[in-house]
Amino acid sequence: MGKKTALYSSHLSANAKMVDFAGWEMPLHYGSQVQEHHHVRQDAGVFDVSHMTIVDAKGQEVAALLRYLLANNVDRLTSGKALYTCMLNPQGGIIDDLIVYKIRDDFFRLIVNSATHDKDLAWLNEHAKKYSITLVERTDCAMLAVQGPQVRNKLSAVFDLNDLKVILDLKPFHAVSLNSLFVARTGYTGEDGFEIILPSDEAAALWEKLIAAKIYPCGLGARDTLRLEAGLNLYGADMDETVTPLESNLAWTVAWEPKERDFIGRDALEKQRQSGVMRCLKGLVLLEPGVLRNHQKVIVEDMGEGEITSGSFSPTLNKGIALARVPHTIGAQCMVEIRGKQHRAEVIKPPFVTKNKTAGSVHISADPHSKRHNGVDVKS
Amino acid sequence: MNSVPKFLQYSKTHEWVRRDEDVLTIGITDHAQTMLGDLVYVELPEIEANLESGQECAVVESVKAAADIYAPVSGEVVEINEALFETPQLINEDPYGKGWLFKVRPYDNDTPHLLNSEQYLKQVASEAH
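A brief look at the structure comes next.

Reading the values: the criteria
- Residues numbered from 1 in each chain as written.
- Chains lettered and ligands numbered in written order.
- Predicted model: local features only at pLDDT ≥ 70, side-chain atom pairs only at ≥ 80, totals over all residues.
- Heavy atoms only, no water.
- Helix = DSSP H or I, 4+ residues; strand = E, 2+ residues; numbered from the N terminus.
- Rg over C-alpha atoms; globule rule 2.2 N^0.38 Å.
- Buried < 20%, exposed > 50% of the residue type's maximum accessible area, 1.4 Å probe, protein only.
- Contact = heavy atoms within 4.5 Å.
- Areas by Shrake-Rupley, 256 points an atom, 1.4 Å probe, with all protein chains shown as cover.
- Lys, Arg positive; Asp, Glu negative; His and termini not counted.
- Charge placed at Lys NZ, Arg CZ, Asp CG, Glu CD.
- Polar contact = N/O pair within 3.5 Å; in protein donor to acceptor, adjacent residues only side chain to side chain.
- Axes fitted to C-alpha atoms, helices over the stretch in contact; angles between N-to-C directions.
- Parallel < 35°, antiparallel > 145°, perpendicular 65-115°, else oblique.
- Left-handed = near helix turned anticlockwise from the far one by under 90°.
- Nonpolar A, V, L, I, M, F, W, Y, C, P; charged D, E, K, R; others polar.
- Pairing = 2+ DSSP bridges.
- Arc of directions from axis to C-beta.
- Buried area = accessible area lost by both parts, 1.4 Å probe.
- Salt bridge = Lys/Arg side-chain N within 4 Å of Asp/Glu carboxyl O.

Each helix and strand counted, chain A has nine helices and 21 strands in total. On C-alpha atoms alone, chain A measures out to a radius of gyration of 21 Å, which is about the 21 Å that the 2.2 N^0.38 rule sets for 380 residues. In terms of overall dimensions, chain A has a C-alpha envelope of 55 × 50 × 45 Å along the principal axes. Taken across its 380 residues, chain A has 57% of its residues classed as buried. Pairs at least 24 residues apart make up 66% of the contacts formed inside chain A by residues separated by at least 6 positions. Carbon and sulfur atoms make up 51% of the accessible area of chain A, which amounts to about 16,100 Å² in all. Treating the 44 positive side-chain charges of chain A as one cloud and the 46 negative ones as another, the clouds have centres 4 Å apart.

Structure follows, in structure tokens:
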């Protein structure tokens, strides 16, 4: 039997199909993965993401440690702000990707992947020895992600006016502590929304309130297609220790300045930047009906081959989409081999679907002229 | 519990077969569509294709996975459900009706290797372990 989150029985009573995910028993869907996907794109959904690993790092030297361990620079953060970063090995390979919140000068919170839990903690603890800090894994907490264009409206039925104002005033990638809750305006769907960390014994009550506010329960299946449409990498599929951020469409997360800052992997990345990055991570949109899948072969005429790292079906675009690691010289199109036959795909820079922040509506970035888009109602 | 109609025959690989005089209609069972989840794409055999029993002859894909469909009998394909190309979710909504896949004129009217509903239910139960 796998590990259970504080919401395990809530999932069962909501008729979830449970699956193993990195040793956790998690909801895959509650009936229809595609319907849940549409709820988040058009309305509002809630995910149990309590399997994620929460690590609190406290102490006078915590910023010094994180400056050295992370490829992005925590000096960019003021209290209450978050950033996305990779944690690298000396070869520049990605040990994990994570979000780090600065709570105070001497208190940072890291959210790392559950599939990499053991090696991440071993790596953090090993390096923390040389610094005056303490690391505490918050196994006493649950985490909910509330995502979608209608979340802000619907939260008025969940929080009292004072708390609501604080939450709605949060800017993207900002977080605030609110009584027992830690609320951040972050997510993994490409939609506006919040991630809420709270004591495990309060999780079921908040979950009930969110469901009562017509925020739909959504499983890991929808979470995966949403993050893929949003062009967000999945650790273990789109990146691992054998590739660098520069080969993973994550060069923007590497803080090269100031030059004096030494961080693990920096030398390797500098060398790669100098000599040129031969492989890159691109988005593929299948130009024929079908579904793209992990590990399918990508053929780039005269340029060699690549491989799909995350493939699926986009419920918003009604097309097969994928992230693929391909030769950096790839042009506007390529072929993908599906069951021995080659199929044409368009090459794009992710994301596949972006939200228009001002209008709160979804803009479709890939092939806006296709008639297959007509049936998709992406207004919000 | 997924439905397993008594008037159909089944294969061990979760196809159902309905006999209408000399033509067999073939689809996937309610259990199979539930396991796959939301279907988004199908590939069907060509009309007049000659199928051999047990041969991979179609593919159904959900968001989650692709599944091969095996011909439950040997025969010639006489009709395919073209509505599925536009609306593959018919298989989820009505697996024994509008979600049928293709029709075959069998070479041999004897189908002793197919299961009845009771045998198929046992098969599903045995796979649950």
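There's more to say after this.
Moving on, we get to the side chain of A:Arg266. All names here are of chain A. Looking at where arginine 266 falls in the secondary structure, it is placed in helix 9 (residues 266–275). Looking at arginine 266, the relative accessible area reads 5%, which means it is buried. Polar side-chain contacts of arginine 266 include one of 2.9 Å to the backbone oxygen of arginine 261. For arginine 266, the residues in contact, after removing those within four places along its chain, are Ala255, Trp256, Pro258, Lys259 and Arg261.

Attention now moves to the packing of helix 3 (residues 62–69) of chain A against helix 4 (residues 117–128) of chain A. Residues and elements named next belong to chain A. Where helix 3 contacts helix 4, the axes come no closer than 11 Å and their chain directions differ by 125°. The angle between the axes of helix 3 and helix 4 places the two elements in the oblique class. Crossing hand, helix 3 versus helix 4: right-handed. Here Leu65, Tyr68 and Leu69 of helix 3 lie close against helix 4, whose contacting residues are Trp123, Leu124, His127 and Ala128. Among the residues making up the contact of helix 3 with helix 4, the classes are represented as six nonpolar, one polar and no charged.

This part is about the sheet that holds strand 10 (residues 175–178) of chain A. Residue and element names in this part refer to chain A. Within the open sheet, the six strands sit side by side as 10-11-12-9-3-13. Their pairing is mixed. At either margin of the open sheet sits one strand with a lone partner, and together these are strand 10 and strand 13 (216–217). Relative to strand 12 (residues 193–199), strand 9 (residues 141–147) is paired through seven bridges, and the arrangement is antiparallel. Considered in strand 12, the bridge of methionine 143 is made with isoleucine 197. The strands touched by helix 6 (residues 161–168) are strand 10, strand 11 (181–184) and strand 12; relative to strand 10, the strand with the most contacts, the crossing angle is about 165°.

The next subject is the sheet that holds strand 6 (residues 56–62) of chain B. Residue and element names in this part refer to chain B. Overall, antiparallel pairing links the three strands, which are arranged 4-6-7 in an open sheet. Every other strand in the sheet has two partners, leaving strand 4 (39–43) and strand 7 (66–70) as the edge strands with one partner each. Going from strand to strand, the sheet's axes swing by 25° on average, the running direction of each strand aside. Inspection of the sheet shows strand 6 paired to strand 7 by five bridges, in the antiparallel sense. Its bridge partner being in strand 7, glutamate 61 is matched across the sheet by alanine 66.

Residue and element names in this part refer to chain A. Here helix 6 has its buried residues at Asp163, Leu164 and Ile167. Buried residues along helix 6 cover an arc of 100° about the axis, so they all sit on one side. Counted as exposed and oriented over 90 degrees from the buried face of helix 6: Leu161, Asn162 and Lys165. In this structure, the buried residues of helix 6 make contact with strand 10, strand 11 and strand 12.

Moving on, we come to the interface of chain A and chain B. Between chain A and chain B, the contact holds 14 residues from the first and 14 residues from the second. The junction of chain A with chain B conceals about 1,200 Å² of combined surface from both sides, 48% of it contributed by carbon and sulfur atoms. In terms of surface lost to chain B, no three residues of chain A exceed A:Arg293, A:Phe313 and A:Arg339, which account for 41% of the buried area on that side. Our enumeration of links across chain A and chain B arrives at three salt bridges. Salt-bridge contacts for A:Arg339 lead to B:Glu43; the nearest nitrogen and oxygen are separated by 3.0 Å. Put simply, chain A and chain B have 10 residue pairs in polar contact (both at pLDDT 80 or more) between them.

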